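Structural overview
Listed below are the residues making up each chain.
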Amino acid sequence: MAMKYRCTLVVLKLSMSMLLAALACIWTVRLTRSWKRSWHEAEDRASTTVFSDSGLTVVVYCFPVLAVASLAYVYLHLTSKTDQESRKRQSILMTNLTNPITVMKRSIGIVSTAELLIATLFIIFLAWTYYSNVSSSFKMMTPYKSLKLNKWQLKMMYVGVRIGSLSEACLVLLFLPILRGMAVFRVFGVQFEASVRYHVWIGNLIILLSLLHGTIVMFIWGVKKSLLKEIVKWQSVGRVNIAGAMALTTGLIIWITSLPQIRRKQFQLFYLTHHLYIFFILFFLIHAGDKHFYLVFAGVLLFAVDKLLRIVQSRGTTSPISASILPNRALKLTLLKHPCMSYTPTSIIFVKVPIVSKFQWHPFSITSSSNMDNSELSILIKSHGQWTTGLFNLLNSVIDTGSSDHLKGIQIAVEGPYGPATVEYRRYKSLVLISGGSGISPFLSILQDIASRNGDMNKNPIKVQLIYVVKKVEDLSMLAVISPLLLENLKMKLFVTQENSPPVTAEKILQDLSLQIKTIASNKASSKGALSMPEGLLWKASITAVSFAVFLASLIILSYVFLHQESKSSSKKKKKDPSWIGDLFALCSLTIAASCCAMATMISRWKRTVSEGQQVPHRQSVCHENTSAKVQGTERHEIEFGIRPNLVEMLDEIEFGTEEEEVGIFVCGPASMNESVASFCIANRQCRKKDQRKQKCNFNVHFINFSL
């Protein structure tokens, strides 16, 4: 059976590679003369059939992307069925590509080999696209009918117009990195929280190119003293200028409110203005036309389906079965979940508390392990913003009253969990966890998962070292919530940077902090609803294929009924149809496809709820005898006060003190910590290339980044 899965995975990888290669070739050669000539001939033939020229564009440019997405979901599903060794071999290749190769400015951060390679290829593609477009336009030099432009003005106009085509190429990729439940980047080992920065990079590039495009075109209009006349023009056929101006304005509003200085202080403003993406896409469709919209449609459709699946999942609410207040103004919430809901360590969920905010969703790392408890899920929330402070004050007042009825009255909506397809840390016998402040949250799930093996030392990792940096002693309480589960093979090095050293041990500090935690709990049986499972990967593969088929069928039917029949009945030469007709067909087809997906998902969930109500499967929770034990091996734990850790020296000690060939380093902390570890790992690999005898082990670093 394992061999069958491996063969299937190979076939899927080859299929995805061929589809991506075909798509890259199409986008590369689409600007050549031979392609344009062949494409116009194909459009003419398709326009005389039921398929229509619009259907041809959709199939050629959208099918490869959506087919790769569907195959990727099947691939991820089968990956979980393969043996540990197969997953390990796949992970080693991805780790070699995702290891850091350079550290750049804070706005870009740490760049891996794969990221640098893909970014370079994409820049070359944009340069080729721009050169091909501009050179073709300069050769033709077709004058604008409404403007009498001299040669340099006409060239400048073409320069500005062709910059807009680069924005279009970027828009193809804009929505792919922010897919949550349908995250296709997981097939490359990239999680949602890490791929968000790709969305930021692409978004910045789109705004820059769009601004250049609009500025140059409007400058030429201004030179000819026809700016207002041209900008409000709404011609029946061709580009609609006013829609382009509205799209640019909408994009600028989204970009300005997403700047870190504004986003961190006014998250509500950032969140609400980001929903203007609907109008941005609509104005782009009206401005560029349906043919150009179909070039970027695959990402729009995937995002729409992903959004609908998330809405369907988060319709229900639950209430916490327990809540704890930590000394550092952090919250621990425990929620009841379905017994079959499983998740990998470092997974996240998105949480909405309507009593605090009816619209805001915030991501939090899961600190529990589904291998430890199959009926509960826990998260830690640090109070440092308006939303988290409001939630902290609410739960603090509930705990002060001591009434569990008030706790059951707090309704919580949840999306997720979203996490890695494989458990990377199990590859390594020796594991180093480096975190700062709230960055400990994802590592708590790893420690819980390690503890769930009940002392089985035949499973990786065998050695675990935790380096944890906080500002104040009370911040260590985030570690105290699981301190009874710390094992003999765990070595801790704790650093408190802003306080002096008291004459106590790490064990004593964690015990004192655990006694200061205030907790209130309600009866599980009286809790309102358990968290439901999100749709599975095979369902996502199916719904992706169905949504594309429904969209294409709707588009073909609408075109045939309203356009093809009319052209057949007309004996005279038919004029070009108004642009708004194609735009309307695209919107209607998208609405029909999205509605069908939402309806199918709701029916599927309803059937699953009925079957679960008849018989709810129960798995045996893992029983742990050490859940009430104290922190073991105190002499192996160190705590330092008033200093920051020298990570380079500490990693050097680990390097020459271990007998393992590979050491896994997982980092979750501020940018300075990530950059310090990345710089060391880069130097480590360079030294191994120069003289392998002096370097005993190779460090593979994994960054777990999620910035609110």
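Residues numbered from 1 in each chain as written. Predicted model: local features only at pLDDT ≥ 70, side-chain atom pairs only at ≥ 80, totals over all residues. Heavy atoms only, no water.

Regarding the packing of helix 3 (residues 52-79) against helix 14 (residues 297-313)
For the pair helix 3 and helix 14, interaxial distance at closest approach is 8 Å and the crossing angle is 40°. When the axes of helix 3 and helix 14 are compared, the pair comes out oblique. Contacts between helix 3 and helix 14 involve C62, V65, L66, A69 and Y73 on the former and, on the latter, F297, A298, L301 and L302. A class-by-class count of the residues in the contact of helix 3 with helix 14 yields 9 nonpolar, no polar and no charged. (Axes fitted to C-alpha atoms, helices over the stretch in contact; angles between N-to-C directions. Helix = DSSP H or I, 4+ residues; strand = E, 2+ residues; numbered from the N terminus. Parallel < 35°, antiparallel > 145°, perpendicular 65-115°, else oblique. Contact = heavy atoms within 4.5 Å. Nonpolar A, V, L, I, M, F, W, Y, C, P; charged D, E, K, R; others polar.)

Focus on the side chain of R186
Here R186 shows up in the loop between helix 6 (151-174) and helix 7 (192-223). The class for R186 is buried, based on a relative accessible area of 17%. Leave out the neighbours within four places in its chain, and R186 touches L76, Q191, G419, P420, A421 and L537. (Buried < 20%, exposed > 50% of the residue type's maximum accessible area, 1.4 Å probe, protein only.)

Digging into the pattern of salt bridges
By the definition in use, this model includes 11 salt bridges. The shortest N-O distance in the salt bridge between R426 and D449 comes to 2.5 Å. Of this pair, R426 sits in the loop between strand 8 (413-418) and strand 9 (430-436) while D449 is found in helix 17 (residues 441-451), placing the two residues 23 residues apart along the sequence. Close ionic contact of E535 with R605 constitutes a salt bridge, the shortest N to O distance being 2.8 Å. One end of the pair, E535, is in the loop between strand 12 (518-521) and helix 20 (537-569); the other, R605, is in helix 21 (residues 579-614), and 70 residues separate them in sequence. R605 sits in the buried class, given a relative accessible area of 10%. If you follow the salt bridges from partner to partner, you end up with R180, D306, R310 and E415 in one network. (Salt bridge = Lys/Arg side-chain N within 4 Å of Asp/Glu carboxyl O.)

Thoughts on the environment of N393
Relative to the assigned elements, N393 resides in helix 15 (residues 386-401). On the basis of relative accessible area, N393 is assigned to the partly exposed category, the value being 42%. For the pair formed by N393 and R329, sequence separation is 64 residues and the distance between their alpha carbons is 9.6 Å.

Notes on helix 17
The periodicity of an α-helix, 3.6 residues per turn, causes residues three or four places apart in sequence to face the same way. Counting buried positions along helix 17 yields 11 of 11 residues, so the element is predominantly enclosed. Every buried residue of helix 17 is listed here: S441, P442, F443, L444, S445, I446, L447, Q448, D449, I450 and A451.

Some thoughts on the sheet that holds strand 8
Read from one edge of the open sheet, 3 strands run 6-5-8, paired in antiparallel fashion. Of all strands in the sheet, those with a lone pairing partner are strand 6 (362-365) and strand 8, marking the two edges. In this sheet, adjacent strand axes meet at a mean angle of 25° when their direction is disregarded. Where strand 5 (residues 348-352) meets strand 6, 4 bridges bridge the pair, whose relative direction is antiparallel. Its bridge partner lying in strand 6, V351 is registered against H362. (Pairing = 2+ DSSP bridges.)

Describing a nonpolar patch on the surface
Taken together, L117, I118, L121 and I124 make up a surface patch of nonpolar side chains, about 420 Å² in accessible area. Along the polypeptide, L117 turns up in helix 5 (residues 113-140). With a relative accessible area of 51%, L117 lands in the exposed category. (Patch = residues over 30% accessible without salt bridge, like charges linked within 9 Å, V, L, I, M, F, W, Y side chains within 5 Å. Areas by Shrake-Rupley, 256 points an atom, 1.4 Å probe, with all protein chains shown as cover.)

Brief notes about the side chain of N328
Structurally, N328 can be placed in the loop between strand 3 (322-325) and strand 4 (330-336). Taking relative accessible area as the criterion, N328 reaches 4% and is therefore assigned buried. Once residues within four sequence positions are removed from consideration, N328 is found in contact with K382, E474, D475, S477 and M478.

Here we look at the pairing of strand 4
The element strand 4 is extensively covered by neighbouring structure, given that 6 of its 7 residues are classed as buried. Here strand 3 pairs with strand 4 via 4 bridges, running antiparallel. Residue pairing in the sheet places A323 in a bridge with L333 of strand 4. In the sheet, strand 4 pairs with strand 7 (residues 376-382) via 7 bridges, with the strands oriented antiparallel. Among the inter-strand pairings, L333 is bridged to a residue of strand 7, identified as I379.

Examining the packing of aromatic side chains
Per the stated rule, a full pass over the model turns up 19 aromatic pairs. Clustering of aromatic rings is evident, with ring pairs tying together W27, W35, W39, Y61, F122 and F125. Positioned above the aromatic ring of F138, the side-chain terminus of K155 is 5.3 Å from the ring centre. Over the ring of F350 we find R180, and its NZ or CZ is 3.7 Å from the ring centre. (Phe/Tyr/Trp six-rings, centres within 6.5 Å; stacked < 30°, edge-to-face > 60°. Lys NZ or Arg CZ within 6 Å of the ring centre and 35° of its normal.)

A look at the sheet that holds strand 4
Spatial strand order, 7-4-3-12: 4 strands in an open sheet with antiparallel pairing. Each edge of the open sheet is held by one strand with a lone partner, namely strand 7 and strand 12. Averaged over all adjacent pairs, the angle separating strand axes in this sheet is 15°, with direction ignored. Here strand 3 pairs with strand 12 via 4 bridges, running antiparallel. Along strand 12, the bridge assignment pairs S324 with T519.

Structural notes on the confidence of the model for the chain
Summarising the model, the chain shows a mean pLDDT of 82, and 85% of its residues fall at 70 or more. The secondary-structure element of the chain with the lowest mean pLDDT is helix 4 (residues 84-98), recorded at 55, while helix 9 (residues 241-257) shows the highest, at 93. (pLDDT = per-residue confidence, 0-100.)

What about unusual backbone geometry?
P417 follows G416 through a cis peptide bond whose omega is 5°. As for its position among the elements, P417 is in strand 8. Here K225, not a glycine, exhibits a phi torsion of approximately 55°, which is positive. Tracing the backbone through its elements, the reader meets K225 in the loop between helix 7 and helix 8 (227-231). Of note, R329 is a non-glycine position whose phi angle comes to about 60°, a positive value. Take R329: it is sitting in the loop between strand 3 and strand 4.

Regarding helix 11 (residues 267-274)
Listed as buried for helix 11 are F270, Y271 and T273. Taken together, the buried residues of helix 11 touch helix 9 and helix 10 (260-263).

Structural notes on the packing of helix 7 against helix 9
In contact at an axis separation of 10 Å, helix 7 and helix 9 are set at 140° when each is read in the N-to-C sense. It follows that helix 7 is oblique to helix 9 by the angle criterion. Handedness of the crossing formed by helix 7 with helix 9: left-handed. Residue-level contacts link N204, I207, S210, L211, G214 and W221 of helix 7 to N241, L248, G251, L252 and W255 of helix 9. When grouped by side-chain class, the residues that make up the contact of helix 7 with helix 9 number 6 nonpolar, 5 polar and no charged. (Left-handed = near helix turned anticlockwise from the far one by under 90°.)

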